[in-house]
Amino acid sequence: MNGTYEPDLRTSVTDLPEAIPMLPYWSAKRHLTCGNPTPPPPGTPKTIPWRAPPGKIKTAHAALVLCLNIDVDPPDVIKTNPCAVLEAWVDPHTMPSHKALEVIGTNLQHQFEGLNPKISYKPILDPSKEDLKRFCVTLRKQAMDDAVLFHYNGHGVPKPTPSGELWCFNRNYTQYIPIALQELQSWLRSPCIFIWDCNASGNLLSNFVKFAEQRDNDAKLISGGYPDNMPPFSECIQLAACAGDEQLPSCPELPADLFTSCLTSPIDIALRYFLLTNQLPSGISTDQVMQLPGDLKDRRTPLGELNWIFTAITDTIAWTTFPREIFTRLYRSDLLIASLFRNFLLAERIMKNYHCTPHTFPPLPPTNTHPLWASWDLAVDACLRQLPKLLKNTESSVPKDVSLGARNRRQTARTDQTAQAGPSTAPGEKPYTYIPSRFFTDQLTAFEVWISRGGSALTKPGPLSLPVQVPSDQLGLDGANDLAPYPANSLEHSDHHLVPRKPPDQLPIVLQVLLSQPHRLRALILLSQFVDLGPWAVHLALTIGIFPYIARLLQAAGQDLKPVLIFIWARISAVDPSCQVDLYNNQGYKYFASALAGHDDPRQSLFPNGSEHKAMCAFILSTIARDYVHGQNACWRERVLDSCFEHLDEGDFLLRQWSALCIAQIWDGNDEIKVYGVDAGMQDKLIALLSDDSPEVRSAALYALSTFLGASGSADLNKLGGGGSGSMYQLDERIHFRMEVAVVTGAALAIKEDASPMVRKELLVLISCLVKEWCGYFIVCAWIYWEEDRRWKEGEENQHPDDDVAAYAVTEWLDRFGTTRTTARRTGCCSQLSVDPYQEVATHAQTIVDYIMALLLESPFTRLDSTTLHQPPSMASDAKSLLNGTRQRVPSNQSTQSFSQPPPSPAGRPPLTRSETMTSSIQSGVSSTLRRTSSFANALRSLAGNIAFPTLEDGRASPNPEQLAHAQERTELVEGVSRPPSPNLSFAQYTSPYSRPGSPHDDRERERLRPPTPLLAHAPPPAPPSPPPSPPLHTHDFGPVDVMDALMEEDMERLRARRRAGNHARHHGHGHHRDAYGGGVSPSGSTFSTDSSTILGLGTGVGIRDVLPLKSRFYDWCCEYFKEPQMRQPEADEPGSVQYNYQVWRQQRNEQVLEDTHKQALEAPRCRWDRPVTTIQINGLPLSLAFHAFDPHLVIANESDMVTVWDWIKRKRLNRFFNGNPRGTSITSLHIINQDVGGIILTGAADGMIRLYRNYDPKLSSGPVQMVSAFRGLNEVLQVKRGSGVVTDWKQAGGTLLVGGDSRIVRVWDAHTESQVMDLDTNAESPITALASDSGSSSLFLASFADGVVKLFDRRLEEDDAVVRTYHQHTSWVQNVKWHPTLVGQFLSGSSDGEMKLWDIRGGDAPLQTWDLFPQGLSAFDVHEQTEVFAATSALMVSNWRTQRTEVQSLAARRTLGSLTTGLTIPPPREAMTPFTPRTSSVAFHPREMVYGVGSWDGTVRIMGCKLPSVS
């Protein structure tokens, strides 16, 4: 449990026990994803862009057309008496008509200027048709591509016709002249905003839409669209005062231009309307309201506060009612349009009360009954109730019926007064202090309640869930989603698909509160808690318009805002990396660079979680620098690189990780910064970081080294990178070369045996960078490796050294240059990783190895007489085949290219057999699997059309549980290979070095995941490689040394070309970035000049597909950390969630099991152990058994590679899968770890590999079994006639895994750090047969050996002197060793000669007790962990094979408690079933229950129990 619970908030769960009592291992996110970014679930719609589209509307000019014809009523209008007369707050009958028209026009212009003063407004007063046309055409010319506002007031002309004609005048004002809307469209074109304020204005709106669609369709038919990128007419925006059959209201208390007044003077109208519809107790008049103190733009004044509240409420109503796309277009693209549509909501509310329905285009849903209007009325009420006291003793000097806006302008124009003219008070009377509204405080409280009271929790899809906004143009999912290689909910532990809740309505109000200094910090904290909920919350906040406010706050100096601003910006940068441009342009990066350095501000040390905030700064700066040269250079200028370099030593792993990743993005492809980094020794610091305890930090350091050597850190999957470490103009060529080799060498030595596949995968990306730049060296090493491997397989080691062409050539060449052996080790590292047990790692390594082999087969080595490259791979003899050889490769449709001189056809190709792989005696030396893991002969087989991981049609795949009932299993091994379960996410794709045609689907998938290089993209696919040229007559003119020199000289030429290109860019000052010279030179492009003295290497690899360097997705995976909730607990830790309830139940159940079995363990040594429980039948020999401590699960491994999981109570098979170890090897060790919270199966096989699997219980997971992790537990194996394979011991309490076996060492692995802790020397010449850790925090463990020796080790001692005690009493193979279940310091051992002994580590070398149960031999032996009993099974002898006996003995009473005799009907084979662990049966006690299982040679597993009396 990560969180604590407050009693006052969660009283219902305060008494609940902790849900996760013990830390589970191999259960972190990296084990589910292996550093691959998590794809969105299938069916996820595209997110609507929050930024205004590139062609967003920008209003530049406005035409305010007034057709009033004052004192002359139009013929179709009969006015009431009295009626509304005010136009723009002017009574036209109080002055001459021409003067009134001018004043109205001026006032209207001022009202619009209050919305956006930057626009040029042109009043057009009672125009004729010709004047109107002239003005409209002129406005369009002035506006160019911007929008024009056309406001039409037709109160003095007839109402528009049903056919869509509006009216104006002739020049003499004797006639009304109709204007067709088509004419108006021709004059104004598009884009435009139209406001129709006249009777029956709906006629204009509906006809305009109809005519616009006709125009758009005609334009598409005739010319394919409008010229000059003019938007279509149907995108014009319109606001109409009423429907086509409605009249405008004529209420005398309201202005005649009520619609225009609502749009331009909303506060005036809203206050008047409130007075009309609400009775205030003090009888406030309209004249008093017009004297409301304050300034519309000053939020500290009553008037400004009301305007602020009105803006927040209308924004929120629009946000909660309209579709996101409409909201963004109308409310976040243009200031004038946003103001008009905010005010339109008020117009709709007021005018619908007068039976008038305003309309818009695009059409909007009604909002006049929205609940927030009640909040507006409350705010107005609270303000107006204070008005009498505010106006007390004040003489009214404001003329009647003047608007608040006009008064505001007059106050602003007066220079002798302040903007807020406070009322005068009587002498000695204290002025009244205005009480601000509680509106924003209450709304923030409501938002806080939503977050703290379950709003952040997930829910099922429905009316209370987040509405899915699907763009109108989205008809289907994009290709990436359609082809997502994972099942739905594959990352969820629960089958219930939960989604976010509906967001709170107060979100836009929080945005408005950011403008207020008093509420700002609280609003930011609430906003940070909201964006922490996930990308959907960040996207909502950005769509509302939070970005400019947050960007502006970066200029604020307040230290109290810094932590929360950094947190919010980390979330924004994670969701939308395009913000890098904004942060560069507004110099926001300086804010984060300063916070990352943190030296200049001593107050920064007072921040909580300071290192985490610095990690966020490093992340934000890395997003600014990613694939953006300006951002890289800006970070460099701000010394971000130095800050990150210093933070690599910090104690917080997150800060170390992001410091390395930030360095990676800053110097990615930037030569100048790489030079600076080398001078500072950053690459050495990163190599030192490869021994870090955190796998994420190790991967980040490798990622930084990869970008240093040319890998691309770009988000674009098409960019593979190249160019090595750049020009490095300050270094000599040879030093430059050695530096690049040293970086990869140091990394490979530190990482190649790392337990985390995520780390090993990043190592391969780094190696691929070196292979790309120095392919000549790798070709040479591959040839040497090939020749040595062939000689070794053909048994030529004893021949004369002069006959070894490779050795002779190397000896001669090393006299000149001495680095090939180092690079050869890196080649061996690639070949070792090409048979990595983890699929993604092996696939990446195979891509590299096959690329090198393709270059080798195209190199001049093929033209040598002495080479064996032309000879097909031969089958290794039984005596020489290796245990750790590569898997037999089976045909795959992923690689179909064949060679001109191919190996024998698949039909005639002898399979690689795996027979007994040990020599007859223990060798004095140790053979490293590094050299013999994978031969290049098998790499050639891969190039000829095979890869290591077969498709479903090839070999054996782990079956689904539902297929098990119908699958006909066979006990013998079938031809081909077994395929273990795949990881949860596996994106690695094998990429052949040859371009080849394939099926359209394969091509499309391949192009999506790994596009070809530009060289191949613009050229026809090359034909299969041409045959190597026949050896010419002058074959002996050059030898292997000449080929080596030529290839390596070609590499040096490529380096010189790289340095020249970098220096050229540097001297000409046009950027030091890799893109400035097109990336690294392709290996297939020769850089030789024609007068070069050595031309053998010319053009090596022409036609080879350029597939390197590999592409890493690790950075994108790390970014997901900042998209995941950090302030709230995971779903599994949330009280009430399905996962939480399950873990609470499971913990209570486990505690009950422990209590019950403890009572049983006290009685069991005195009871009979012969109660049959059940019998299970499997195929093959049940070589290893493992009971789950709390669930009724029994895991059985047979003699080859099959693992089955059974419910032993129901006698039902739950699952079956293959382990994937090579033929001829066995699973020799089996454990179930994390048993308290579920379970992960851990297997150790004789190939040296440790593999872990999850999802084996179909009741808890509907998906298939998945590989969690896999790694090489032992890298050095003794060659023996009969060994024990790999023997392991798991200690859950400390997460320690001991690995021994056919090795001279015991390797100690730490599951938490996924790294090896130490290698303890066994000081023995025989294999380890069993390991047993002491319980608790003890560092002691026991190891038994094949020669009968038992040793006690102490991990606290030196590695070569860790043996504390040695016991020699056994004379034969010790089958097992176990600690005494109840007595501390005592242990038992059982050997194959039938003797079992009890020892005390505190006593002498002699055993305390000895049992000789089976003089003819003992096959299996085990001790119960809780009670004092042990069980042993007799060996199956050739002379007496019909019966096999298992006895259970009491440790205290020395008497037999039970005996099981099993009869066989088929004699066992004379040859052992497996070359490992000489036993023909198995026995295992349940860790808790009083039962044990016995596995027999015939595939039967019998489970027996103890006859317990009723235990109270």
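This structure is a prediction, so every number in the text was calculated from the model and none was measured.

Asker: Before we move on, can you summarise the overall build of the protein chain with the specific residues and values?
Answerer: Within the protein chain one finds 44 helices and 42 strands. Across the 1512 residues that make up the protein chain, the buried fraction comes to 59%. Entry remark: accessible area of the protein chain is about 59800 Å², with carbon and sulfur atoms responsible for 52%.

Asker: Please provide a residue-by-residue account of the sheet that holds strand β38 (residues 1443-1450), values included.
Answerer: With respect to topology, four strands assemble into an open sheet ordered β36-β37-β38-β39, the strand pairing being antiparallel. What marks the edges here is a single partner per strand, and that holds for β36 (1418-1423) and β39 (1456-1463). Averaged over neighbouring strand pairs, the angle between their axes works out to 15 degrees when direction is ignored. Two elements, β38 and β39, share seven bridges in a ladder whose sense is antiparallel. Within β39, the residue paired with Val 1448 across the bridge is Gly 1458.

Asker: Please set out helix α18 (residues 520-531) residue by residue, giving values where relevant.
Answerer: The end-to-end C-alpha distance of α18 is 16 Å, a good match for the 16 Å that twelve residues give at a rise of 1.5 Å each. Against the buried residues of α18 lie α15 (439-455), α17 (507-513), α19 (535-544), α20 (547-553) and α21 (562-575).

Asker: If you had to explain the pairing of strand β17 (residues 1202-1207) to someone new, which residues and values would you point to?
Answerer: Along β17, six of the six residues are buried, which leaves the element largely enclosed by surrounding structure. Judged by which residues are buried, β17 turns out to be covered on both faces: Met 1202, Thr 1204 and Trp 1206 on one side and Val 1203, Val 1205 and Asp 1207 on the other are all buried. Alignment of strand β16 (residues 1193-1197) against β17, held across five bridges, turns out to be antiparallel. Counted as the bridge partner of Val 1195 is Val 1205 from β17. Between β16 and β17, which follow one another and run antiparallel, lie four residues. Where β17 and strand β18 (residues 1212-1218) come together, six bridges link them in antiparallel fashion. Note that in β18 the partner of Trp 1206 across the bridge is Arg 1213.

Asker: Quick one: what's the story with the nonpolar core, residue by residue and with numbers?
Answerer: Grouped together as the largest cluster of nonpolar side chains are 262 residues, with contacts concentrated most on Ile 550, Trp 569 and Phe 861. Among the elements that make up this core, the one with the highest residue count is helix α36 (residues 839-857) (eleven residues). The residues touching Ile 550, leaving out its near neighbours within four places in the chain, are Leu 514, Leu 524, Leu 527, Leu 565, Ile 568, Trp 569 and Ile 572.

Asker: For the packing of helix α25 (residues 629-637) against helix α28 (residues 671-679), give the residues involved together with the corresponding values.
Answerer: In helix packing, the relevant descriptors are the interaxial angle and the interaxial distance, both defined with respect to the helix axes. Relative to each other, α25 and α28 sit at 35 degrees, their axes nearing to 10 Å. For the element pair α25 and α28, the recorded crossing hand is left-handed. In this structure, α25 contributes Gln 632, Asn 633 and Trp 636 to the contact, and α28 contributes Glu 672, Ile 673 and Tyr 676. Classifying every residue of the contact of α25 with α28 by side-chain character gives three nonpolar, two polar and one charged.

Asker: Got a sec to walk through the packing of aromatic side chains? Specific residues and values, please.
Answerer: The final tally for this structure, using the stated rule, is 56 aromatic pairs. Measuring from centroid to centroid gives 4.3 Å for Phe 619 and Phe 1122, while their planes differ by 20 degrees, and the two rings are stacked. Note that Phe 619 is positioned in helix α24 (residues 610-625) and Phe 1122 in the loop between α43 (1114-1119) and α44 (1138-1163), a separation of 503 residues in sequence. Just as Phe 619 is buried, Phe 1122 falls in that class too. Three or more aromatic residues link up through ring pairs in this structure, and these residues are Phe 619, Trp 658, Tyr 703, Phe 1114, Tyr 1115, Trp 1117, Tyr 1121 and Phe 1122. Sitting over the face of the ring of Trp 308, Arg 299 holds its NZ or CZ atom 5.4 Å from the ring centroid. The lysine or arginine in question, Arg 571, covers the ring of Phe 567, its NZ or CZ lying 4.0 Å from the ring centre.

Asker: How would you summarise the sheet that holds strand β33 (residues 1386-1391) if you had to cite specific residues and measurements?
Answerer: Ordered in space as β32-β33-β34-β35, the four strands form an open sheet in which the pairing is antiparallel. Only two strands of the sheet have a single partner each, and these edge strands are β32 (1374-1379) and β35 (1409-1412). With direction set aside, neighbouring strand axes in the sheet form an average angle of 15 degrees. As paired elements, strand β34 (residues 1395-1400) and β35 share four bridges and run antiparallel to each other.

Asker: Requested: an account of the environment of Pro 1327, with residues and values cited.
Answerer: Along the chain, Pro 1327 falls in the loop between β27 (1315-1321) and β28 (1328-1333). It is 9.6 Å that separates the C-alpha atoms of Pro 1327 and Trp 1373, two residues lying 46 residues apart in sequence. Those residues within four positions of Pro 1327 in sequence are excluded, and the remaining contacts are Val 1280, Gly 1283, Ser 1284, Gly 1301, Asp 1302, Ser 1344, Phe 1345 and Ala 1346.

Asker: Describe the pairing of strand β4 (residues 165-169), with residues and values.
Answerer: When you tally the buried positions in β4, you get four out of five residues, the bulk of the element. In this sheet, strand β5 (residues 176-180) lies alongside β4 in antiparallel orientation, the contact comprising five bridges. Counterpart to Phe 169 in the pairing with β5 is Tyr 176. With antiparallel pairing between neighbouring strands as the criterion, β4 and β5 make up a hairpin whose turn holds six residues, including Tyr 173 at a positive phi of roughly 55 degrees.

Asker: Would you mind going over the confidence of the model for the protein chain in detail, with residue names and values included?
Answerer: Of all residues in the protein chain, 77% attain a pLDDT of 70 or more, and the chain-wide mean is 78. In the model, residues 818-822 has pLDDT below 50 throughout and makes twelve contacts with residues more than four positions away in sequence or in other chains. Throughout residues 997-1036 the model reports pLDDT below 50, and contacts reaching past four residues in sequence, or to other chains, amount to 45 contacts.

Asker: Which residues make up helix α5 (residues 202-223), and what are the values?
Answerer: Here α5 spans 31 Å end to end across 22 residues, near enough to the 32 Å set by a 1.5 Å rise per residue. Listing the buried residues of α5 in full gives Gly 202, Asn 203, Leu 204, Leu 205, Asn 207, Phe 208, Val 209, Phe 211, Ala 212, Asp 216 and Ala 219.

Asker: For the pattern of salt bridges, give the residues involved together with the corresponding values.
Answerer: Tallying each qualifying case throughout the model produces 49 salt bridges. The residue Arg 300 makes a salt bridge to Asp 298 at a minimum N-O spacing of 3.1 Å. Exposure remark for Asp 298: the relative accessible area of 18% places this residue in the buried category. Beyond isolated ion pairs, a larger network of salt bridges with shared partners links Glu 733, Glu 1049, Glu 1053 and Arg 1056.

Asker: Which residues make up unusual backbone geometry, and what are the values?
Answerer: Across the junction of Ser 190 and Pro 191, the peptide omega takes the value 5 degrees, indicating a cis bond. Along the chain, Pro 191 turns up in the loop between α4 (181-188) and β6 (192-197). Residue Pro 1109 follows Leu 1108 across a cis peptide bond; omega there is -5 degrees. Here the phi dihedral of His 355 falls at roughly 60 degrees; this positive angle occurs in a residue that is not glycine. The topology assignment puts His 355 in the loop between α11 (335-351) and β8 (359-361). The exposed category is assigned to His 355, whose relative accessible area is 71%.

Asker: Account for the environment of Ala 742, naming residues and giving values.
Answerer: Relative to the elements of secondary structure, Ala 742 occurs in helix α31 (residues 733-751). Judged by its relative accessible area of 43%, Ala 742 falls in the partly exposed class. Through-space distance from the C-alpha of Ala 742 to that of Asp 684 is 9.6 Å; in sequence the pair is 58 residues apart.

Asker: Any chance you could break down the environment of Arg 299 for me, citing the residues and the numbers?
Answerer: Residue placement: Arg 299 occurs in the loop between α8 (286-289) and α9 (302-321). The exposure class of Arg 299 is partly exposed, given its relative accessible area of 33%. Separated by 137 residues in the primary sequence, Arg 299 and Pro 436 have C-alpha atoms spaced 9.9 Å apart. Leave out the neighbours within four places in its chain, and Arg 299 touches Gly 304, Glu 305, Trp 308 and Leu 515. At 2.8 Å, the side chain of Arg 299 and the backbone oxygen of Leu 515 are in polar contact.

So, how was this worked out
Residues numbered from 1 in each chain as written. Predicted model: local features only at pLDDT ≥ 70, side-chain atom pairs only at ≥ 80, totals over all residues. Heavy atoms only, no water. Helix = DSSP H or I, 4+ residues; strand = E, 2+ residues; numbered from the N terminus. Buried < 20%, exposed > 50% of the residue type's maximum accessible area, 1.4 Å probe, protein only. Areas by Shrake-Rupley, 256 points an atom, 1.4 Å probe, with all protein chains shown as cover. Pairing = 2+ DSSP bridges. Axes fitted to C-alpha atoms, helices over the stretch in contact; angles between N-to-C directions. Expected span 1.5 Å × (residues − 1). Contact = heavy atoms within 4.5 Å. Core = buried A, V, L, I, M, F, W, Y, C linked by side-chain atoms within 4.5 Å. Left-handed = near helix turned anticlockwise from the far one by under 90°. Nonpolar A, V, L, I, M, F, W, Y, C, P; charged D, E, K, R; others polar. Phe/Tyr/Trp six-rings, centres within 6.5 Å; stacked < 30°, edge-to-face > 60°. Lys NZ or Arg CZ within 6 Å of the ring centre and 35° of its normal. pLDDT = per-residue confidence, 0-100. Salt bridge = Lys/Arg side-chain N within 4 Å of Asp/Glu carboxyl O. Polar contact = N/O pair within 3.5 Å; in protein donor to acceptor, adjacent residues only side chain to side chain.

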